[in-house]
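Coordinates in review
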Amino acid sequence: MSLRNIHLLGSPVLRQPSEHVAKVDDQVRAFVADLFETMDFSKGVGLAANQVGVAKRIAVVGIGEGERYALINPVIVEREGSVKEEEGCLSIPDIYGDVERSARVVVEALDERGTRRRIEGTALLARALQHEIDHLDGILFIDRVGPFKRRSLVRQWEKSRKGKTGFIKESIAEPEGADQA
Ligand code: ZN
């Protein structure tokens, strides 16, 4: 397993619709393990393949012990209700906005063994599933906040970048004791 670097807003792969996965093989399984590792390292509740530069329909979601899912070729097959809550994204660090999402979704996907699974989610799980599946279609949460709020979030993001130009954030552990330095 290895940590992957995370692509940030501005990296073209985040806007690219991702490719269907033809076969769940060892390579896909190793990649899923990397996604889980990178998600945990980054303290996220989900991570999509294109966020680490791979435009394939693969994502992971993890909202706690026993609620961790690999999603390969995921499709939302049922939606119900609607709820607006604050959301963020590992590809747009430290920027948050209220996003309206379905309150309950049912997703069909293959897991890392290639078995078809049906995952029902409400609350945070429903939100994370919708957010990650959006990524696979090249959609970011800032696209769902309305045009005025979107402009304001993009301005905040640009300001927070302080002139930095790269669009890839390296996943490197902080050196020991860095918080005291
Ligand atoms: Zn995201």
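In what follows, the accompanying structure is described.

Thresholds applied
Residues numbered from 1 in each chain as written. Predicted model: local features only at pLDDT ≥ 70, side-chain atom pairs only at ≥ 80, totals over all residues. Heavy atoms only, no water. Donors = N, O, S within 2.8 Å, 3.2 Å for Na, K, Ca; no water. Helix = DSSP H or I, 4+ residues; strand = E, 2+ residues; numbered from the N terminus. Buried < 20%, exposed > 50% of the residue type's maximum accessible area, 1.4 Å probe, protein only. Lys, Arg positive; Asp, Glu negative; His and termini not counted. Salt bridge = Lys/Arg side-chain N within 4 Å of Asp/Glu carboxyl O. Polar contact = N/O pair within 3.5 Å; in protein donor to acceptor, adjacent residues only side chain to side chain. Contact = heavy atoms within 4.5 Å. Expected span 1.5 Å × (residues − 1). Arc of directions from axis to C-beta.

So, about the coordination of the zinc ion. Listed as protein donors to the zinc ion are Cys89 (SG), His131 (NE2) and His135 (NE2); their distances from the metal cover 2.0 to 2.3 Å. Positions of the donor residues of the zinc ion along the chain correspond to the pattern C-x41-H-x3-H. One end of the pair, Cys89, is in the loop between strand S5 (83-87) and strand S6 (97-101); the other, His135, is in helix H2 (residues 123-136), with 46 residues separating them in the sequence. When sorted by exposure, Cys89 lands in the same class as His135, which is buried.

On to the side chain of Glu132. Within the element layout of this structure, Glu132 appears in helix H2. Despite being buried, Glu132 has no salt bridge partner; Arg101 is the closest side chain of opposite charge, sitting 8.2 Å away. Within the structure, the side chain of Glu132 is placed 3.2 Å from the backbone nitrogen of Ala48, a separation counted as a polar contact. Not counting chain neighbours up to four residues away, the residues in contact with Glu132 comprise Gly46, Leu47, Ala48, Gln51, Ala59, Val60 and Val61.

Tracing the chain through its elements places Arg68 in strand S4 (residues 68-80). Put simply, Arg68 and Lys162 are 94 residues apart on the chain and 35 Å apart in space, counted from C-alpha to C-alpha.

This part covers helix H3 (residues 147-160). An ideal rise of 1.5 Å per residue puts 20 Å on 14 residues; H3 measures up with 20 Å between its terminal C-alpha atoms. All of the buried residues in H3 are Leu153, Val154 and Trp157. The arc that holds the buried residues of H3, viewed along the axis, is 100°, so those residues lie on one side. Exposed positions of H3 whose direction lies more than 90 degrees from the buried face are Phe148, Arg151, Arg155, Glu158 and Lys159. Where the residues of H3 are buried, they touch S6. Looking one or two residues beyond H3, the residue adopting positive phi is Lys162, at roughly 45°.

Attention shifts here to the pattern of salt bridges. Throughout the structure, instances matching the rule amount to 17 salt bridges. With its nearest N and O atoms 3.0 Å apart, the salt bridge here joins Arg29 to Asp26. Taken together, the positions of Arg29 and Asp26, both in helix H1 (residues 26-41) and three residues apart, correspond to about one turn of that helix. Taking the relative accessible area as the measure of exposure, Asp26 reaches 59% and is therefore exposed. Measuring nitrogen to oxygen at the nearest pair gives 3.1 Å for the salt bridge that ties Glu108 to Arg118. Here the residue Glu108 occupies a position in strand S7 (residues 104-110), and Arg118 occupies one in strand S8 (residues 116-122), the gap between them amounting to ten residues. Where salt bridges share partners, they join Glu78, Glu80, Arg104, Glu108, Arg118 and Glu120 into one cluster.

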